[in-house]
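Coordinate analysis (summary)
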Amino acid sequence: MQETIDRQAEVVTVPESAKQGTHCTLADYQAMYQRSIDDSDGFWADQASRLDWFRAPTTIADWSFDPVDIKWFTDGQLNICHNALDRHVAAGKGDVTALIFEPDSPDTPVRKITYAELLAETIKMAGTLKKMGVQKGDRVTIYMPMIPEGAVAMLACARIGAVHSVVFGGFSPDAIAGRIEDCLSDWVICADEGLRGSKRVPLKSNVDEALKKVSARAVLVVRHTGGDVAMTEGRDHWYHELSEGVPDTCECEVMNAEDPLFILYTSGSTGKPKGVVHTIGGYSVWTETTFRYVFDYRPGEVYWCTADIGWVTGHSYIVYGPLQNGATALMFEGVPNYPDHDRFWAVVDKHKVNIFYTAPTAIRALMREGDAHVTKHDLSSLRLLGSVGEPINPEAWRWYHDTVGKGAMPIVDTWWQTETGGIMITTLPGAHDMKPGSAGKPFFGVCPQLVDNDGAVLNGATEGNLCITASWPGQSRTVYGDHERFIQTYFSNYKGKYFTGDGCRRDADDYYWITGRVDDVINVSGHRMGTAEVESALVLHEMVAEAAVVGFPHDIKGQGIYCYVTLNAGIEANDDLAKTLRQWVRTEIGPIATPDHLHFTPGLPKTRSGKIMRRILRKIAENDFGSLGDTSTLADPSLVDGLIEGRLNR
Ligand code: PRX
């Protein structure tokens, strides 16, 4: 076992030139990592001291995993908006560009927004929210396209102590309604429409649909495309109108370190998406520190993360991490293949991007389009590449490294989760050699541990379930409104440890290789999805009796969505119905949940006690019929032959 792991582990060294001027050499990493474990309080107090605190914390780590009670910097007071904006303006950096906005169409003018301007915009939005009636502690739902006002809305909430809940602009009205209802959010901020690859996304009209199911006191609408939208008298307000005359000052609310900053919904093995809660102090320190060391940002550089602010990557590494570091971050409204497959590289060239952070699914899709799209642009500004969201296959890693990076720069493959707030496992650019496909080493303060299914600790080069044994500042504190679910989901499998839901290998050099989810969560194009959510959507359809959803390997998306569907008696399976059901899921959840395969079957393989045998369904979807294991315990073993035949026929 160990030998195989080692032989696979091709080592790629970082060129010496790329190590010049880095924040952290290998010796620094080793010393800092050791201190972060041995003297956690001293280490994190030092990191926290780069931020402004209204009251400096005297308590640093303040947590327990059994019972579960997680706090950091407990008696500190701060405001993340102050650290992201006011602090830099006060330090004379108001003229530095904070955001470069690259619109969907390359022909639409670029917007560059300085720190002083972003502060002024945020104050205006904060004042408008107050005028609308939003108060400290209120939950505000944000449903925005990738435009600067999306970041402004988040920062404005943070400024006045409101808790933002950003809902990805690709989600359906039902998904918005569910999220509004779950966190009892009275307020919504949206745009009239979004733009993606020249297509209009009907954001306001989706909000209108959602608000037929749940209520909100007010909707603030940012004009973006100028498209026609309906405004409900007394409830809906245009931002450009309501913001007229708001004061040009708005002090940052003094917040306690453990006050909530945001809620972000994410999928799990069971039930509805969970509202993961992050609190201000720990999240501020974690995103500031990880951005600083992982991306090794240097003043004057242009940093671009291609994520959407609707996901945690956008929260931590488009908005809070870069801005707290005073960086210049690029925000891109569009998609990688519009107007052509070279758009990413055209944007890198146009804005002389130095640091580029994207997802393996995008890399694979662009790799397929051929090298010419890359080589026709001048990418010499690039210095550092990053990957996030799913395991990167070595072939895609190679292409990213050789063709995009010209073999001349480090790649940071960053493993983390919505719940971790920021990056947990990665190589550091000036410190570590790289191994294609491996995330690398634990970040400061991160204590990974591999355990078997019974919880026995596995040492050395091995493979198992990935747990984290000690808290870190950026850790999620609870599930909104359901602390018991938080404990059940993350701390009940292995008592006293945070369980990530991921499988992982560790090689003889202590490099970590994430192998993917070991629960009923799938990762489709870097989007995390609960198979249970897709199943619930399918069975809502009147013709569907039962559904079981599993992931299967997909060349571009990493994993695709494979749905086994049993229809109600008397309903005939055909292509039209498959199309209808696909559309149904899109409408219920959103386009990211569109099934790749619908496999009609007269029944699902179940144990005699009625439990669906997902392991068998997964193997069949993977075309792996040789290792189905023991099927004799099934209530109806003959079903399996029919399922295999059905799989072979598609
Ligand atoms: O399975 C892991 C995968 O994405 C999951 C977290 O998804 P989400 O909360 O949506 O956050 C995505 C962005 C941080 C993880 O449990 N994952 C994330 N990054 C990597 C990864 N798998 C392998 N390598 C990565 N670099």
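The name an unreviewed UniProt entry assigns to the protein chain is Acetyl-coenzyme A synthetase, from the organism Croceicoccus naphthovorans. Here is the UniProt Cofactor (unreviewed entry) comment for the protein chain, exactly as written: "Mg(2+)". Heading Catalytic activity (unreviewed entry) of the UniProt record for the protein chain holds this comment: "acetate + ATP + CoA = acetyl-CoA + AMP + diphosphate".

Considerations on the packing of helix 6 (residues 115-132) against helix 7 (residues 148-160)
Between two packed helices, the angle of one axis relative to the other and the distance separating the axes together describe the packing. Where helix 6 meets helix 7, the axes come as close as 8 Å, and the angle between the chain directions of the two elements is 65°. Along this stretch, helix 6 crosses helix 7, giving a crossing that reads as right-handed. On helix 7, the residues touching Leu118, Leu119, Glu121, Thr122, Ile123, Met125, Ala126, Leu129 and Lys130 of helix 6 are Glu149, Val152, Ala153, Leu155, Ala156, Cys157, Arg159 and Ile160. For the contact of helix 6 with helix 7, a count of residues per class yields 12 nonpolar, 1 polar and 4 charged.

Here we look at the sheet that holds strand 25 (residues 462-468)
Think of a sheet as strands paired side by side through backbone hydrogen bonds, with each pair either parallel or antiparallel. Spatially, 5 strands are ordered 24-23-25-27-28 in an open sheet, and the strand pairing comes out antiparallel. Each edge of the open sheet carries a strand with a single partner, namely strand 24 (457-458) and strand 28 (512-517). Here 2 bridges tie strand 23 (residues 448-451) to strand 24, and the two strands are oriented antiparallel to one another. Considered in strand 24, the bridge of Val451 is made with Val457.

Focus: the UniProt feature "modified residue: N6-acetyllysine" (unreviewed entry) in the protein chain
Per the UniProt record, "modified residue: N6-acetyllysine" (unreviewed entry) is found at Lys611. On the secondary structure map, Lys611 appears in the loop between strand 33 (597-600) and helix 20 (614-621). Taking the relative accessible area as the measure of exposure, Lys611 reaches 59% and is therefore exposed. If sequence neighbours within four positions are ignored, Lys611 has contacts with Pro605 and Lys606.

Looking at the site of the ligand
In the vicinity of the ligand there are 16 residues, among which Asp413, Thr414, Thr418, Asp502 and Arg528 approach most closely. In the model, a nitrogen atom of the ligand is placed 3.1 Å from a nitrogen or oxygen of the Gly389 main chain. Within the contact set of the ligand, an oxygen atom lies 2.9 Å away from a side-chain nitrogen or oxygen of Arg517. Alone, the ligand offers 540 Å² of accessible surface; in the complex the protein occludes 95% of this. In terms of residue class, the shell around the ligand is made up of 5 nonpolar, 6 polar and 5 charged.

So, the nonpolar core
Grouped together as the largest cluster of nonpolar side chains are 156 residues, with contacts concentrated most on Trp44, Leu129, Phe295, Tyr303, Phe444 and Leu538. At 9 residues, the largest contribution of residues to this core is made by helix 7. Looking at this core, you find at least three residues from each of domain 1 (1-505) and domain 2 (525-646). With residues up to four places along the chain from it excluded, the contact list for Phe444 reads Cys24, Tyr29, Met32, Tyr33, Ser36, Phe43, Trp44, Trp286, Tyr293 and Leu428. If you look at the next biggest cluster of nonpolar residues, it comprises 31 residues, including Leu330, Met367, Met409 and Met434.

Some thoughts on the packing of aromatic side chains
One pass over the full model with this rule turns up 41 aromatic pairs. Seen in terms of ring centroids, Phe262 and Tyr283 are 5.0 Å apart; in terms of plane orientation they differ by 85°. Their pairing is edge-to-face. With Phe262 in strand 14 (residues 260-266) and Tyr283 in helix 11 (residues 280-294), this pair connects stretches of sequence that are 21 residues apart. Judged by its relative accessible area of 0%, Phe262 falls in the buried class. Plain terms: the ring middles of Phe344 and Phe356 are 5.6 Å apart, the flat faces sit at 75° to each other, and that makes the pair edge-to-face. In this pair, Phe344 sits in helix 13 (residues 343-351) while Phe356 sits in strand 18 (residues 355-358), placing the two residues 12 residues apart along the sequence. For Phe356, a relative accessible area of 0% corresponds to the buried category. These aromatic residues form a ring-pair network of at least three members: Tyr29, Tyr33, Phe43, Trp44, Trp286, Tyr293, Phe443 and Phe444. Above the face of the Tyr511 ring, Lys435 is positioned so that its terminal group lies 4.7 Å from the ring centre.

Conventions we followed
Residues numbered from 1 in each chain as written. Predicted model: local features only at pLDDT ≥ 70, side-chain atom pairs only at ≥ 80, totals over all residues. Heavy atoms only, no water. UniProt positions renumbered as here; feature names shortened; annotations may be inferred. Axes fitted to C-alpha atoms, helices over the stretch in contact; angles between N-to-C directions. Helix = DSSP H or I, 4+ residues; strand = E, 2+ residues; numbered from the N terminus. Left-handed = near helix turned anticlockwise from the far one by under 90°. Contact = heavy atoms within 4.5 Å. Nonpolar A, V, L, I, M, F, W, Y, C, P; charged D, E, K, R; others polar. Pairing = 2+ DSSP bridges. Buried < 20%, exposed > 50% of the residue type's maximum accessible area, 1.4 Å probe, protein only. Near = heavy atom within 4 Å. Polar contact = N/O pair within 3.5 Å; in protein donor to acceptor, adjacent residues only side chain to side chain. Areas by Shrake-Rupley, 256 points an atom, 1.4 Å probe, with all protein chains shown as cover. Core = buried A, V, L, I, M, F, W, Y, C linked by side-chain atoms within 4.5 Å. Domains from an automatic or database assignment. Phe/Tyr/Trp six-rings, centres within 6.5 Å; stacked < 30°, edge-to-face > 60°. Lys NZ or Arg CZ within 6 Å of the ring centre and 35° of its normal.

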